[in-house]
Amino acid sequence: LIEDGGYYMRDIEVTLNPEMEAVYSAVQSTRRKIDINDLNFPAPTDMESQLAKQGYKAGYIAGIDLVNKWAALRRQLQELEANPYTTHIEYFADQVPLHIAHIKKGLKENYSPKDESYGSRIGQLWKLKELEREAGEAIYREEVTYKWWLEFNNKLTEVMSGINDPKANEEAQKLLKETLSYFPLKIIIPTIEPDIGIMTFNRAGLEGVYPAGVINQQTREADGSIYNSFVFLLHDHFHASLDGNQAYREYSMGHRLFHKRLLASIENLPPDKRKKAEAVYFIVTHEYEEAGNINISYSDKTPETIREVVVREIGRDNAGIFKFPDNHPTEKEQKIENLADIFMEVYNQALQHQ
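### Remarks on the overall build of the protein
And step 1. Within the protein one finds 14 helices and nine strands.
And step 2. Expressed as a percentage of its 354 residues, the buried residues of the protein come to 48%.
And step 3. Look at the contacts in the protein between residues 6 or more apart in sequence, and 73% of them connect residues 24 or more apart.
And step 4. For the protein, the exposed surface amounts to about 17200 Å²; the carbon and sulfur share of it is 50%.

Next comes the structure, spelled out in structure tokens:
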């Protein structure tokens, strides 16, 4: 909401970054179509396999080779003046059959109604067939816009869940509206990648990209809770709208560059320390500011306060990354302090180069 030159998000006034002009340019754009040939993607990287050889597991590195491609996509959609409501984006259209096949496979292999509130497998496959027909028409008419693509993936995961939840649908519409309000400075990428690693999330967020999981299972755990496939996707939308991916909300390019330096410093650590620092960075940039939580993605607190936040959030570990001994509080405290020391070493190093 724009009012008297100020920008209000959930009734909180925030500074309007000059880059937000790109948002207004996008909705005014008359560009009809962006072909695949209009997009200049970088050469594929082999970072995931290289890091795997160093001992990094999928939970850290899965999808990391996609970050450069996603980042390039976001930048080029901005440069080519894609309108999120009216511009047909061939790259998304080409993903449609892959996402349909992904959900179809899930319905055949992973779908099992638990009670009468769930549709039968045959019924859900029929609904998927209707979505496939809808998608075919949109592709033929060249109407696969960014908005359409997000809505379509919502529909796919709803079919996979077997549940139609009016409240969840209402929340989906609110999140969609907010997501569109930041295009093309920030984009959500619905992805069928089986898992997205911590290091991938850490880097994608600073590029204005947030991957959102389109899972072909009825339920999956995230942040300590079990979500059906539809709500799982909404959960990722929620994180994208509020949390670590807020580089454009209140702070300057300098703030974003600080976080790039911080991640570069983390990359220079030995693998054992880097795993810990990457995990800590994820924890303290993944959740939003509420009830005492401080997300350092958009915090200008002192290093002393940041360390306090780091210690507190590691202790909470809402993402369930660290395994602490339940019956040994002293040992747990020592491990938390050690993790905080490793992180603050690179945090202070990044500060010194400002």
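### Points about a nonpolar patch on the surface
And step 1. Together, Y24, V27 and Y85 give the surface a local cluster of nonpolar side chains, amounting to about 270 Å² of exposed area.
And step 2. Along the chain, Y85 falls in the loop between α4 (67-79) and β5 (88-89).

### Things to note about the side chain of D236
And step 1. Structurally, D236 is set in helix α10 (residues 229-242).
And step 2. Notably, D236 is buried but unbridged: the nearest opposite-charge side chain belongs to R220, and the N-O separation is 8.0 Å.
And step 3. Excluding anything up to four places from it in sequence, D236 contacts Y210, P211, A212 and G213.

### Quick look at helix α13 (residues 303-316)
And step 1. Across its 14 residues, α13 extends 20 Å between first and last C-alpha, which sits within 8% of the 20 Å expected from 1.5 Å per residue.
And step 2. Among all positions in α13, only I306, V309, V310, E313 and I314 are buried. The buried residues of α13 occupy one face: seen down the axis, they fall within an arc of 125°. Counted as exposed and oriented over 90 degrees from the buried face of α13: E304 and E308.
And step 3. In the core, the buried residues of α13 are packed alongside α12 (271-286) and α14 (329-352).
And step 4. D317 occupies a position one or two residues after α13 and carries a positive phi of about 40°.

### Here we look at the nonpolar core
And step 1. Core analysis: the largest hydrophobic core is formed by 81 residues, its most contacted members being F92, Y146, F152, L262, V310 and F343.
And step 2. When residues of this core are assigned to their parent elements, the largest contribution, nine residues, is made by α14.
And step 3. Non-local contacts of V310, meaning those with residues more than four positions away in its chain, are made with V280, V284, A340, F343 and M344.

### Observations concerning the side chain of N153
And step 1. On the secondary structure map, N153 appears in helix α7 (residues 146-161).
And step 2. With relative accessibility at 0%, the residue N153 sits in the buried group.
And step 3. Only 2.9 Å separates the side chain of N153 from the backbone oxygen of W149, close enough to count as a polar contact.

### Some points on the environment of E278
And step 1. Take E278: it is sitting in helix α12.
And step 2. Here the alpha-carbon distance between E278 and L263, two residues 15 residues apart in the chain, equals 8.1 Å.
And step 3. With sequence-adjacent residues up to four places away left out, E278 is seen in contact with Y60, I198, M199, N202, R203, L263 and I266.

### Let's talk about the pairing of strand β9 (residues 225-228)
Along a regular strand, successive side chains alternate from one face of the sheet to the other.
And step 1. Two strands pair when backbone bridges link them, and strand β8 (residues 219-222) and β9 are joined in this way by four bridges, in the antiparallel orientation. In the sheet register, A222 faces β9, and the bridge partner there is S225.
And step 2. What sits between β8 and β9 in their antiparallel hairpin is a turn of two residues, with D223 showing a positive phi close to 50°.

### A word on the packing of helix α5 (residues 90-110) against helix α6 (residues 121-140)
And step 1. At a closest axis distance of 10 Å, the pairing of α5 and α6 adopts a crossing angle of 175°. It follows that α5 is roughly antiparallel to α6 by the angle criterion. On α6, the residues that touch A93, V96, I100, I103, K104, L107 and K108 of α5 are R121, Q124, L125, L128, E132, A135 and I139.
And step 2. Tallied by class, the residues present in the contact of α5 with α6 amount to nine nonpolar, one polar and four charged.

### Thoughts on helix α8 (residues 166-180)
And step 1. Over its 15 residues, α8 runs 21 Å from end to end, which matches the ideal 21 Å to within 8%, given 1.5 Å per residue.
And step 2. Within the sequence span of α8, burial applies to A168, A172, L175, L176, E178, T179 and L180.
And step 3. Residue D165 occupies the N-cap position of α8, its side-chain oxygen lying 3.0 Å from the main-chain nitrogen of K167.

Definitions and limits used
- Residues numbered from 1 in each chain as written.
- Predicted model: local features only at pLDDT ≥ 70, side-chain atom pairs only at ≥ 80, totals over all residues.
- Heavy atoms only, no water.
- Helix = DSSP H or I, 4+ residues; strand = E, 2+ residues; numbered from the N terminus.
- Buried < 20%, exposed > 50% of the residue type's maximum accessible area, 1.4 Å probe, protein only.
- Contact = heavy atoms within 4.5 Å.
- Areas by Shrake-Rupley, 256 points an atom, 1.4 Å probe, with all protein chains shown as cover.
- Patch = residues over 30% accessible without salt bridge, like charges linked within 9 Å, V, L, I, M, F, W, Y side chains within 5 Å.
- Salt bridge = Lys/Arg side-chain N within 4 Å of Asp/Glu carboxyl O.
- Lys, Arg positive; Asp, Glu negative; His and termini not counted.
- Expected span 1.5 Å × (residues − 1).
- Arc of directions from axis to C-beta.
- Core = buried A, V, L, I, M, F, W, Y, C linked by side-chain atoms within 4.5 Å.
- Polar contact = N/O pair within 3.5 Å; in protein donor to acceptor, adjacent residues only side chain to side chain.
- Pairing = 2+ DSSP bridges.
- Axes fitted to C-alpha atoms, helices over the stretch in contact; angles between N-to-C directions.
- Parallel < 35°, antiparallel > 145°, perpendicular 65-115°, else oblique.
- Nonpolar A, V, L, I, M, F, W, Y, C, P; charged D, E, K, R; others polar.

Remember, this is a structural readout, not a statement about activity or role.
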